[in-house]
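Topology and contacts: notes
Residues per chain are reported as follows:
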Amino acid sequence: MHDDRYTMTVTLDAGFDEVERRVRDALSAEGFGILSEIDVQAALTEKLGTDVGPYKILGACNPPLARAAIAVDPDIGALLPCNVLVRRNADGGIDVAAADPAAMLALSGEADLDEIGAKARKGIEQALRNLVADESQDQ
């Protein structure tokens, strides 16, 4: 897994649709449901006539953690849900890049959100680790 300032990324060697299905399953196993889905490829093709290749943003939410965060800061919903990007990279692999919930919640400046962000990050990290482990077992 590769971490940077605000995302955690893994790369998988499978078809786009298969990876998307596995991402949904891995997130579900960690208590995250998908609240929204943005098919960026379809939108840009329709609006601009440009094809960026397979590119979807899934809005993942862990309801108990979201409820706890909203109780601390009712405006935190502007930073929710946790976005998980599934896209084909230049090498032909499929990248799964998840926004770091701890980094997103830290933007609020509310210290009471630190523990919630850490719990959400732990769940997303585990989902990403499981994706990689599952792929290793399949090969």
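Residues numbered from 1 in each chain as written. Predicted model: local features only at pLDDT ≥ 70, side-chain atom pairs only at ≥ 80, totals over all residues. Heavy atoms only, no water.

**A few points about helix H3 (residues 63-72)**
The cut-off we apply is this: The classification of residues rests on relative accessible area computed with a 1.4 Å probe and restricted to protein chains. Under 20% of the type maximum is buried, over 50% is exposed, and intermediate values are partly exposed. Where helices and strands are cited, they refer to DSSP runs of H or I of at least four residues and of E of at least two residues respectively, numbered from the N terminus. This arc is taken over the directions from the axis of the helix to the C-beta atoms.
Regarding H3, the residues found buried are Leu65, Ala66 and Ala69. Summarising the axial view, the buried residues of H3 lie within an arc of 100 degrees, below the 170-degree limit, and thus occupy one face. Every exposed residue of H3 that faces more than 90 degrees away from the buried side is listed here: Pro63, Arg67 and Ala71.

**Some words on the environment of Leu113**
Quick note on the threshold: Any two residues having at least one pair of non-hydrogen atoms within 4.5 Å are treated as being in contact.
As for its position among the elements, Leu113 is in the loop between helix H4 (101-106) and helix H5 (114-138). Separated by 23 residues in sequence, Leu113 and Ala90 have C-alpha atoms that sit 36 Å apart. Leaving out residues up to four positions away in the same chain, Leu113 has contacts with Ala69, Val72, Asp73, Ile76, Leu105 and Ser108.

**A short note on the pattern of salt bridges**
We apply this condition: What counts as a salt bridge is simple: a side-chain nitrogen of Lys or Arg found within 4 Å of a carboxyl oxygen of Asp or Glu.
Following the criterion strictly, the structure yields 12 salt bridges and no others. Note that Asp3 is salt-bridged to Arg121, the shortest N-O span being 2.8 Å. Of this pair, Asp3 sits in strand S1 (residues 2-3) while Arg121 is found in helix H5, placing the two residues 118 residues apart along the sequence. Given a relative accessible area of 38%, Asp3 falls into the partly exposed group. Classification of Arg121 as buried rests on a relative accessible area of 18%. Two residues, Arg121 and Glu125, come together in a salt bridge whose shortest N-O distance is 2.9 Å. Taken together, the residues span about one helical turn, with Arg121 and Glu125 both in helix H5 at a distance of 4 residues. Here Glu125 falls in the buried class, since its relative accessible area comes to 17%.

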